[in-house]
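Fold and contact review
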Amino acid sequence: MSANVPTDICFSFSGLRARGGRTGPHKDGWGMAMYRDNQVWAIHDPRPSADSDMADVMSKTSLKCDVVISHIRQANVGHVCLPNTHPFSRLLWDTTWSYAHNGQLDTPQSLSLLTHFPLGTTDSERAFCWIIEQLLAKFGDTMPDVQTLTKTLAELCDRLRDKGVFNMMLSNGQYLFCYCTTKLHWITRRAPFKPATLADEDMTVDFKEVTTDKDVVTVIATQPLTENEAWQQMQTGEMCVFEAGELVSQVKPEASKDA
């Protein structure tokens, strides 16, 4: 989620957590990184989100945030344990960046690392360390402008997509970068707000009762979380970047550029 005002994720997370072992197979742990005023706090739990008491608390607690990345895991590489639970975090350009990956990469050990190493044993975390090192090698100690960073990240993600499925979310608390290989959908909610009904839970919220006319909130998910809203589907090789709920940068796949 990316929003222009601090916003809670109770509604969306209620739908997502159901997919972690009840309505979906992603039962091998869950986690959440939450940003407010460029500060981040995180929760990780190797239990299925559908059965987790911590997840139950998060689905009912109104912790208002600017950016949230939440991940439910279906283990492919690495045991089910706390160190292998997304999102992963690293310090880059004096800011904590959080990252989550859906998919599986072939020969992840071929991603050579020099200074940043995984704490766990997933291909996902290794890819994150590789991205961090590539960015530092290219830009040094200074973060580039968002358009330049978007282009470079898209190129790095393209290289990782050559190794398999690489759906990714990455944030520093200001920008939320989203890259698609197979499935990612997003929706931006703004006035006039309407009711929305979850696809995985019997729950409806009338957003006009809990928002103001100035609120802008974008939610991104592998599959649409609601059944009565029009979500936009990302293309393979597409990167979208959101700031304060708005789409601020985008890279389209090469096939679309030529069409």
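From a predicted model like this one, the values you see are computed outputs, not experimental measurements.

1. Considering the sheet that holds strand β9 (residues 185-190)
Judged by pairing direction, the sheet is antiparallel, and its 7 strands sit side by side in the order β3-β2-β4-β1-β12-β9-β13 without closing on themselves. If you trace the sheet from one side to the other, it starts and ends with β3 (39-45) and β13 (232-233), each paired once. Across 2 bridges, the pairing between β9 and β13 is antiparallel. Opposite His 185, over in β13, you have Gln 233 as the bridge partner. On the sheet, helix α1 (residues 10-18) packs against β2 (30-36), β4 (65-72), β9 and β12 (216-221) and is oriented at approximately 5° with respect to β4.

2. Concerning the nonpolar core
Formed by 32 residues in total, the largest nonpolar core has its most connected members in Tyr 99, Ile 131, Leu 135, Phe 166, Met 168, Phe 177 and Met 239. Those elements that place two or more of their residues in this core are β5 (88-92), β6 (95-102), α3 (123-139), α4 (146-161), β7 (167-171), β8 (175-179) and β14 (239-243). The element contributing the most residues to this core is α3, with 8 residues. Setting aside chain neighbours within four positions, we find Phe 177 in contact with Trp 97, Val 146, Leu 149, Thr 150, Leu 153, Met 168, Met 169, Leu 170, Met 239, Cys 240 and Val 241. In this structure, Ile 9, Trp 30, Met 34 and Leu 225 belong to the second largest nonpolar core, which totals 20 residues.

3. Quick look at the pattern of salt bridges
Note that side chains of opposite charge can pair when their charged atoms are close. Under the defined criterion, the tally for this structure stands at 15 salt bridges. Linking Asp 37 and Arg 36 is a salt bridge whose minimum nitrogen-to-oxygen distance equals 4.0 Å. Residues joined in a network through salt bridges with shared partners are Arg 17, Asp 56 and Lys 60.

4. A look at α3
Taking 1.5 Å per residue as the helical rise, α3 with its 17 residues ought to reach 24 Å, and the 24 Å between its terminal C-alpha atoms agrees with that figure. Counting buried positions over the 17 residues of α3 gives 13, a clear majority of the element. Downstream of α3 by one or two residues, Gly 140 has phi in the positive range, about 65°.

5. Focus on the UniProt feature "domain: Glutamine amidotransferase type-2" (unreviewed entry) in the chain
The UniProt record annotates "domain: Glutamine amidotransferase type-2" (unreviewed entry) at residues 1-245. Helix makes up 20% of residues 1-245 and strand 31%. Its end C-alpha atoms lie 8 Å apart.

6. Here we look at the pairing of strand β15 (residues 246-251)
Walk down a regular strand and you will see the side chains alternate between the two sheet faces. Relative to β15, β14 runs antiparallel, the two being bridged by 5 bridges. Of the residues in β15, the one forming a bridge with Val 241 is Ser 249. Counting the residues that bridge the hairpin from β14 to β15 gives 2 residues, and of these Ala 244 lies at a positive phi of roughly 50°.

Reading the values: rules and limits
Residues numbered from 1 in each chain as written. Predicted model: local features only at pLDDT ≥ 70, side-chain atom pairs only at ≥ 80, totals over all residues. Heavy atoms only, no water. Pairing = 2+ DSSP bridges. Helix = DSSP H or I, 4+ residues; strand = E, 2+ residues; numbered from the N terminus. Contact = heavy atoms within 4.5 Å. Axes fitted to C-alpha atoms, helices over the stretch in contact; angles between N-to-C directions. Core = buried A, V, L, I, M, F, W, Y, C linked by side-chain atoms within 4.5 Å. Buried < 20%, exposed > 50% of the residue type's maximum accessible area, 1.4 Å probe, protein only. Salt bridge = Lys/Arg side-chain N within 4 Å of Asp/Glu carboxyl O. Expected span 1.5 Å × (residues − 1). UniProt positions renumbered as here; feature names shortened; annotations may be inferred.

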